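One-letter residues, chain by chain:
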Amino acid sequence: MCSSPKSSRAVKKTAISFNDELTQEQRLRFAAKANLAQERREQREATNKRYKKKHTPAKKPATGLFSWLQQLVS
């Protein structure tokens, strides 16, 4: 069977206002966790950047008659 239609008079919940509903201790813990997460994110991005820089594929020296002639002339 089909689900019943929802009432148009349903009360919509508003977004949680963290500043009003959290205690000072909860705010401090939330901020500390957010700061740690931001620090880990920055460390991970720096590590990924170093990894990419270190592991970029090196260009192979061109092999062929034309490149050989260029090296000979240089």
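Here's what I pulled together on the structure shown here. These numbers come from a predicted model, not from an experiment.

Definitions and cut-offs
Residues numbered from 1 in each chain as written. Predicted model: local features only at pLDDT ≥ 70, side-chain atom pairs only at ≥ 80, totals over all residues. Heavy atoms only, no water. Helix = DSSP H or I, 4+ residues; strand = E, 2+ residues; numbered from the N terminus. Buried < 20%, exposed > 50% of the residue type's maximum accessible area, 1.4 Å probe, protein only. Areas by Shrake-Rupley, 256 points an atom, 1.4 Å probe, with all protein chains shown as cover. Salt bridge = Lys/Arg side-chain N within 4 Å of Asp/Glu carboxyl O.

The next point concerns the overall build of the protein chain. Regarding its fold elements, the protein chain presents three helices and zero strands. For the protein chain, with 74 residues in total, the buried portion stands at 1%. A total of about 8200 Å² of accessible surface is found on the protein chain, and carbon and sulfur atoms cover 58% of it.

We now examine the pattern of salt bridges. All told, the structure shown has one salt bridge when counted by the stated rule. Across the pair R29 and E25 runs a salt bridge, and its minimum N-O distance is 3.6 Å. Of this pair, R29 and E25 both sit in helix 2 (residues 24–54), four residues apart, which is roughly one turn of that helix. For R29, a relative accessible area of 48% corresponds to the partly exposed category.

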